[in-house]
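# Structural description and commentary
Here's the letter readout for the chains.
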Amino acid sequence: MTRHAKPDVAQVITDLILEKIAAGTAPWLKPWTATSTRPLRHNGVPYSGINSAL
């Protein structure tokens with residue numbers, strides 16, 4: 001029975017990030033725009049309760 005070496009997860013992620021940077025994309029930027037800074041209820045209405053962050 002032969003054992004295979006486990007891939008170095010940190011190196012795999014680092015290589016992926018470097019590939020994205022070389023391709024001209026910034027993988028840490030969010031690709032969407034927020035329409036509201038408040039959390040939304042299940043029906044899409046912004047939450048206005050006492051525990052809201054704003």
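## Concerning the overall build of the protein
- Secondary structure summary: the protein contains one helix and zero strands in total.
- Buried residues in the protein amount to 2% of all 54 residues.
- Working note: accessible area of the protein is about 5,400 Å², and carbon and sulfur atoms make up 62% of it.

## Some points on helix H1 (residues 9-23)
- End to end, H1 covers 21 Å across 15 residues, agreeing with the expected 21 Å (1.5 Å per residue, within 8%).
- Gly-24 lies just past H1 and shows a positive phi near 95 degrees.

## Some remarks on a nonpolar patch on the surface
- Residues Val-9, Ile-13, Ile-17, Leu-18, Ile-21, Trp-28 and Leu-29 make up a contiguous nonpolar surface patch of roughly 730 Å² in combined accessible area.
- Position of Ile-17 among the secondary structure elements: in helix H1.
- Residue Ile-17 is classed as partly exposed on the basis of its relative accessible area, which comes to 37%.

## Overview of the environment of Pro-46
- Residue position: Pro-46 is located in the segment after H1.
- Not counting residues within four places of it along the chain, the set of residues in contact with Pro-46 comprises Arg-38, Pro-39, Leu-40 and Arg-41.

Cut-offs applied
Residues numbered from 1 in each chain as written. Predicted model: local features only at pLDDT ≥ 70, side-chain atom pairs only at ≥ 80, totals over all residues. Heavy atoms only, no water. Helix = DSSP H or I, 4+ residues; strand = E, 2+ residues; numbered from the N terminus. Buried < 20%, exposed > 50% of the residue type's maximum accessible area, 1.4 Å probe, protein only. Areas by Shrake-Rupley, 256 points an atom, 1.4 Å probe, with all protein chains shown as cover. Expected span 1.5 Å × (residues − 1). Patch = residues over 30% accessible without salt bridge, like charges linked within 9 Å, V, L, I, M, F, W, Y side chains within 5 Å. Salt bridge = Lys/Arg side-chain N within 4 Å of Asp/Glu carboxyl O. Contact = heavy atoms within 4.5 Å.

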